[in-house]
There are 4 protein chains.
Amino acid sequence: MTSVRVAVAGGSGYTGAELLRLLSQHPNVQLTAVTSEKSAGTPVSAVYPHLQGIVSLTFEALAPEALAERADVLFLALPHTKSMGPVASCMKAGKRVIDLSADFRIKDPRTYETWYQTAHACPDLIGNAVYGLPELHRSAIAQARLVASPGCYPTAAILQLAPLIAHGLIVPDTIVIDAKSGVSGAGRSPALPYHFPEAHESLEPYKIGQHRHIPEIEQELSGLAGTRGQAATGETAGVTIAFTPHLVPMNRGILSTAYARMKGKLDVVELRALYRDFYKGERFVRLLEGAMPNPRHVRGANYCDLAVHTDTRAGWVVTVSAIDNLIKGAAGQAIQAMNLMLGYPEETGLVAPGIYP
Amino acid sequence: MTSVRVAVAGGSGYTGAELLRLLSQHPNVQLTAVTSEKSAGTPVSAVYPHLQGIVSLTFEALAPEALAERADVLFLALPHTKSMGPVASCMKAGKRVIDLSADFRIKDPRTYETWYQTAHACPDLIGNAVYGLPELHRSAIAQARLVASPGCYPTAAILQLAPLIAHGLIVPDTIVIDAKSGVSGAGRSPALPYHFPEAHESLEPYKIGQHRHIPEIEQELSGLAGTRGQAATGETAGVTIAFTPHLVPMNRGILSTAYARMKGKLDVVELRALYRDFYKGERFVRLLEGAMPNPRHVRGANYCDLAVHTDTRAGWVVTVSAIDNLIKGAAGQAIQAMNLMLGYPEETGLVAPGIYP
Amino acid sequence: MTSVRVAVAGGSGYTGAELLRLLSQHPNVQLTAVTSEKSAGTPVSAVYPHLQGIVSLTFEALAPEALAERADVLFLALPHTKSMGPVASCMKAGKRVIDLSADFRIKDPRTYETWYQTAHACPDLIGNAVYGLPELHRSAIAQARLVASPGCYPTAAILQLAPLIAHGLIVPDTIVIDAKSGVSGAGRSPALPYHFPEAHESLEPYKIGQHRHIPEIEQELSGLAGTRGQAATGETAGVTIAFTPHLVPMNRGILSTAYARMKGKLDVVELRALYRDFYKGERFVRLLEGAMPNPRHVRGANYCDLAVHTDTRAGWVVTVSAIDNLIKGAAGQAIQAMNLMLGYPEETGLVAPGIYP
Amino acid sequence: MTSVRVAVAGGSGYTGAELLRLLSQHPNVQLTAVTSEKSAGTPVSAVYPHLQGIVSLTFEALAPEALAERADVLFLALPHTKSMGPVASCMKAGKRVIDLSADFRIKDPRTYETWYQTAHACPDLIGNAVYGLPELHRSAIAQARLVASPGCYPTAAILQLAPLIAHGLIVPDTIVIDAKSGVSGAGRSPALPYHFPEAHESLEPYKIGQHRHIPEIEQELSGLAGTRGQAATGETAGVTIAFTPHLVPMNRGILSTAYARMKGKLDVVELRALYRDFYKGERFVRLLEGAMPNPRHVRGANYCDLAVHTDTRAGWVVTVSAIDNLIKGAAGQAIQAMNLMLGYPEETGLVAPGIYP
């Protein structure tokens, strides 16, 4: 296979470090540059000793046009609202772009503005962006020049609910998503809630009903609801969710527990068959029946582990999903999209099993 | 105040150790005996070095009648289904009994049998038992000879939902309780799921819709629903819940996040006022507005911290509660009941603040 | 007993919070004020939700003279080099002062200057200060107006080595102290090394041979060596140590493992008898033989747990000590000193057992 | 390159799981069988969900002769004293064997008997075994039919001290090795010390001066001392160490801090140059100067990170090493030996960077 030149913008956060780690092991990738505003001029291995002997680049300041010249594919792991400009520059330079921020995930600019409290700088580009969840948008990703890689919580939540929504098996306004994340999800900038003695032996919800991943989940679930004819007008079916994220004392991993009231009585055996059918052939979705999804089984791996349970006594279907927030929830999924865009086998560079224990 | 002789049966588990720790500091208590089948003959301080210099007793084998002679009050921290017999013996001896197992919590023997898969050995005693949650049953506890101390999850769940249920503000069949517990909740017997490398950097739900604390929660919430006239027939109103517990990598603490769809639009300010009113004068319920309930703030303390939030966009009320599973969820609450039974100020021996960080 | 008015300067760090927690439970203490530069104007319970319902004070800015008027005893938990000035002010006002910084621990101003890289502002006061380790300096503390409360590592290290040094049983230049601390020892200000994902599943030495607690340990051990006539000139005997602290992924606790080559063959049974004799009557030193000292057994308690082992094959004596860095290593020990200064029973307000697990 | 058939005996512990994970990703390996007494008949993916979709084998009972027929190379991850028999069977069948137990590490059968309290069953085979530390015995490993793969602590300890010993720079009887290990080092069998609530927020030394890894470390260090002419008689130079392992609340990783008194004044810059020279060309030894070795930087990787520090004031040299106990301390190092034995590039299948954070 041919090799591709890849640059990473915003490489000094945890997602950036994971991009560097995974891309350095990808057989078709030549890493050409990595940027970081605060670490510009410092070797990657000085910031990240685990990459000593692996990545020999030095962080540089971000100059989008110049960066675009040195790469065929650009990964942008920049903060929300800071990514729009560089994306536009790279697109103009004719390069393929995979944006890991939220800036191009939301199709409706007004929704973006409501949740991110800033006007979108290049709304015309939004239409070109494909939501980078291969299990739902594989062929569109393969054609895309711009991929908006999903958030970590949305990846876990959408995959666990998609089959139920697509088949119309649950009462729409009863969806509760109780999600739990390790602390790396909050990034690498020190702050009191993530100070070790505060976050250890500690557990707490945050942004109840207000987390910015909500519109992304609702958009995708609504799309799935709409495709089955619930919204013949072309509008989405308007799935609305209760969503509460929690901060859990572990480094990595998301566990998402989703509840919805069943329409009628659903049989768990049939439901599991339906999930198997929905995710047939998916390399990175594992359906568990004997074991329970647990972040410890996907640590460092690109899998989303899923399980389906029913509580027939009380009338609920309960699904559980586990991902590594930095892999399937960020860097791994972005590389999966790159593989699709470039025609590489989808799993290239992503086959490493999880690190357990 | 007078002093009372107290014995603890089943003192070698974590709840037993907490009973010993707290009772040793109680100004009116004289600890006279503690039993443990597997540690009989071993000094408490050899099993529990943290109690060296604090508790000088030696574990002995359990002989209920003989034990009852040496105490005025007996705490039983025995496994479910193993407590019924000793409770009966102690009651017959005319002593006050506080049972920390589930054996006398469930009013309906058939429900007990369904969930605990054993017939109740002394169903006639169940009627004498008072469910030991002081915030709901204070005066009954004060009169009781037998108190069935609540489970850890039920304490967190009932307290967070009681005002909403009692005022009829939520749609009954939409209650979801997503609860998370530290590993001490699983007891002190080693087993693979609690082996450090399995439980650390790990997070997993268990017994989805099947946990034995479910009937206890439903019984108490149904009682609250019934008292407001929803069930004029004298039957309980039949609250049914979706309940999923999770194992979280921390030693102590329960965080419970409960969701329910609002009847109509509820104002969060009014809701909080309603909670303040409901828990007015309660020494061990703290309503938080600026901060979020978090087990780290109640570690080692007898508090239940509560917060109320609304998601008006999606139509849900979300309440959060945090307790120390071994204190307000077990040993502390049992001592609170003892204080009521004996006429001591309710907070005697329980005023220590939490250990933070 | 009479009551005493107490103020705490520098109350918003972890040591300050522990002073507030412990002092609020002390039967003879009336907390009158607490200062914090960054939290001035904020209620204590807003910064520390675990103290809601316990401490009703509001943080205020530090004005030493005014503060001194409102208290009989002042605890200063200020940063090193920032404490000298306020100490002098409070001393001038005639109050008893317990300083938890290092500013008055080092008897030789040149040594202080070498290790703290600043000239001492009030060297004349140093002579008045008593090193606040009750097990070594009880009667001097009882007479003192100014107590310099020991550092956390020194408390663990000095207590584990004192009997060996005092009896001249080890080869002086072979002392190695390998100490390990939980992250709360680094304080409450967020910084990258203490960011949860960095400090969790992580373990690392720091300041090898350069930690500022070294001169304090050497001063006290040298004093002990000197008292047995090794330094008849009045100079200290000049004990020099290898000392390496490590950051361990736990919230609280110090474990210190100290090694020294034996002079001759030492019998472990005799050594333990010698330790028992040395610490006879000490309320807060527990000598363990069956169990190993472990921070989990002193969490939240004022104990120092000690064990003595010999490796006769290789010729070493190995001692192990465990303390709670925030209690016996800081706030608890300071209160122990206060009790001595005021003539209260030494253990007043400090008898709470550890919180386990 | 050609492919080799590999079997793993004793595959259900953590080391076995790591062997399966790494071997499944090795480009020249065909996994043919894996044994486990307690899991015989169970699919690997049922015991280890993280290997679902990766390893499709089923655990079988161990029958050494039959197993040997199905493999060219056998890895034995069996308990100490249980490995001798199967090793002998596999050797007799003419296969290459890599034994991860201690059974063939100790050259002197009497020393083995002293520390393992059992007579060696096949002392004649010991002479054929090569101690599998490639950095010291590379060419012998390449020629070996039987490799005794080193223990985890010895790997960290020997690599950090080898250059100092080989150059005769330290006072021999002053070596102190204070080692710290994550809990996976204790294996996967649940027991009280490794029960989560016991091992979390906990830290404790064990087997002070009595750990079975001591003779292995002393044997190798003595050999190094001997090679430089300190023992012209052919006898080893008899290095004796003080060694204390500690259990640290993390899943993986060993950090070893070693102290020794310098002969004369050693310059840290020269020492580091000497280490660079000693480990020149070593793919898996990284010498750190800016950063400190920390298990978090080698998690899941085959590196040993090393740093050298001097405490000239007190006269000590202090070295620090970090490894992943399950990789460079077990499975990775064993595969490194296999690569040498089979003439594959030494790093084949071992190049994955660490998983951070």
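Quantities reported herein were computed from a predicted structural model and do not represent experimental measurements.

> Explain the domain arrangement of chain A to me, using residue names and the numbers behind them.
All names here are of chain A. Structurally, chain A comprises domain 1 (4–127) and domain 2 (153–325). On a C-alpha basis, the centroid separation for the pair domain 1 and domain 2 is 27 Å. Listed by partner, the interface residues are 13 residues for domain 1 and 15 residues for domain 2. Of all residues in domain 1, Tyr14, Arg105 and Trp115 give up the largest surface area on contact with domain 2, accounting jointly for 48% of the area buried on that side. Across the domain 1-domain 2 interface, the total number found is 2 salt bridges. For the interface between domain 1 and domain 2, the tally reads 6 residue pairs in polar contact (both at pLDDT 80 or more). Classifying every residue of the side of domain 1 that touches domain 2 by side-chain character gives 6 nonpolar, 2 polar and 5 charged.

> How would you sum up helix α12 (residues 327–342) of chain C? Please name residues and give values.
Residues and elements named next belong to chain C. If you check α12, its first and last C-alpha atoms are just 19 Å apart, much less than what 16 residues at 1.5 Å a residue would give, namely 22 Å. The largest bend in α12 amounts to roughly 45° and is located at Gln333. Summarising burial for α12: 15 of the 16 residues are buried, a large majority. Gly343 sits one or two positions beyond α12 and adopts a positive phi of about 80°.

> How would you explain the pattern of salt bridges if you had to name every residue and give the values?
The tally for this structure, following the rule as stated, stands at 76 salt bridges over all chains. Here Arg296 of chain B ties to Glu198 of chain A by a salt bridge, and the two come within 3.9 Å at their closest N and O atoms. With Arg296 of chain B in the loop between β11 (285–287) and β12 (304–311) and Glu198 of chain A in helix α9 (residues 196–199), the pair connects residues from two separate chains. Here Arg296 of chain B matches Glu198 of chain A in class, with each residue buried. Note that Arg105 of chain B is salt-bridged to Glu216 of chain B, the shortest N-O span being 3.0 Å. Pair noted here: Arg105 of chain B is in the loop between β4 (96–99) and α5 (109–116) and Glu216 of chain B is in helix α10 (residues 214–230), with a separation of 111 residues, a long-range link. Judged by its relative accessible area of 3%, Arg105 of chain B falls in the buried class.

> Go over the packing of helix α8 (residues 152–166) of chain D against helix α11 (residues 268–278) of chain D, please, and point to the residues and values.
Residues and elements named next belong to chain D. Interaxial distance between α8 and α11 falls to 10 Å at its minimum, and their mutual angle equals 105°. Classified by the angle their axes make, α8 and α11 are roughly perpendicular. In contact with Leu159, Gln160, Leu161, Ala162, Pro163, Leu164 and Ala166 of α8, α11 contributes Leu271, Leu274, Tyr275 and Phe278. Counted by class, the contact of α8 with α11 contains 10 nonpolar, 1 polar and no charged residues.

> Talk me through the relation of the copies chain C and chain B; I want residue IDs and the actual numbers.
If you rotate chain C by 180° and push it 0.0 Å along the axis, it lands on chain B with an RMSD of 0.0 Å. Those values place the two copies in the arrangement expected of a two-fold rotation axis. Scanning chain C for the C-alpha nearest the rotation axis identifies Ile355 of chain C, at a separation of 4.0 Å. Most of the interface of chain C is mirrored in chain B, where 100% of its interface residues again form contacts.

> Provide a residue-level description of the packing of aromatic side chains, including the pertinent values.
Enumeration according to the criterion identifies 30 aromatic pairs over all chains in this entry. With centroids separated by 4.9 Å and ring planes inclined at 75°, the aromatic side chains of Phe278 of chain B and Tyr279 of chain B adopt a geometry described as edge-to-face. Of the residues examined, Tyr279 of chain B reaches a relative accessible area of 4% and is grouped as buried. Note on Tyr153 of chain D and Phe243 of chain D: the rings are 5.4 Å apart at their centroids and 75° apart in plane angle, and the pair reads as edge-to-face.

> Please provide a residue-by-residue account of the UniProt feature "domain: Semialdehyde dehydrogenase NAD-binding" (unreviewed entry) in chain A, values included.
Here the UniProt feature "domain: Semialdehyde dehydrogenase NAD-binding" (unreviewed entry) sits at residues 5–144 of chain A. Within the segment residues 5–144 of chain A, helix and strand shares are 37% and 16% respectively, and the terminal C-alpha atoms sit 18 Å apart.

> Residue-level account of the interface of chain C and chain B, with values.
Of the residues lining the interface, 34 residues belong to chain C; the matching set on chain B comes to 34 residues. For the chain C face of the interface with chain B, the top three residues by lost area are His50, Tyr356 and Pro357 of chain C, together amounting to 24%. At the boundary of chain C with chain B, the tally comes to 0 salt bridges. Our enumeration of links across chain C and chain B arrives at 14 residue pairs in polar contact (both at pLDDT 80 or more). Elements that contribute at least two residues to the side of chain C that touches chain B include exactly α1 (14–24) and β11 (285–287) of chain C.

> Lay out unusual backbone geometry in plain terms, naming residues and giving numbers.
Omega for the peptide link from Tyr356 of chain C to Pro357 of chain C comes to 0°, which places this bond in the cis form. The topology assignment puts Pro357 of chain C in the segment after α12. The phi dihedral of Thr81 of chain B is positive, around 75°, even though this residue is not glycine. The residue Thr81 of chain B is located in the loop between β3 (73–76) and α4 (84–92) in this model. Its relative accessible area of 29% is what places Thr81 of chain B among the partly exposed residues. Non-glycine residue Gln117 of chain B carries a positive phi angle of around 50°. Positionally, Gln117 of chain B belongs in the loop between α5 and α6 (123–126).

> Residues and numbers for helix α7 (residues 134–143) of chain C, please.
Residues and elements named next belong to chain C. By the burial criterion, the buried members of α7 are Pro134, Glu135 and Ile141. One side of α7 carries all its buried residues, which in axial view fall inside an arc of 45°. Exposed side of α7, more than 90 degrees from the buried face: Ser139 and Gln143 are the residues found there. Tucked into the core, α7 has its buried residues touching β5 (129–131), β6 (146–148), α8 (152–166), β11 and α12.

Parameters and conventions
Residues numbered from 1 in each chain as written. Chains lettered and ligands numbered in written order. Predicted model: local features only at pLDDT ≥ 70, side-chain atom pairs only at ≥ 80, totals over all residues. Heavy atoms only, no water. Domains from an automatic or database assignment. Contact = heavy atoms within 4.5 Å. Buried area = accessible area lost by both parts, 1.4 Å probe. Salt bridge = Lys/Arg side-chain N within 4 Å of Asp/Glu carboxyl O. Polar contact = N/O pair within 3.5 Å; in protein donor to acceptor, adjacent residues only side chain to side chain. Nonpolar A, V, L, I, M, F, W, Y, C, P; charged D, E, K, R; others polar. Helix = DSSP H or I, 4+ residues; strand = E, 2+ residues; numbered from the N terminus. Expected span 1.5 Å × (residues − 1). Bend = angle between axes of the 7 residues up to and from the residue. Buried < 20%, exposed > 50% of the residue type's maximum accessible area, 1.4 Å probe, protein only. Axes fitted to C-alpha atoms, helices over the stretch in contact; angles between N-to-C directions. Parallel < 35°, antiparallel > 145°, perpendicular 65-115°, else oblique. Least-squares fit on C-alpha atoms with pLDDT ≥ 70 in both. Phe/Tyr/Trp six-rings, centres within 6.5 Å; stacked < 30°, edge-to-face > 60°. UniProt positions renumbered as here; feature names shortened; annotations may be inferred. Arc of directions from axis to C-beta.

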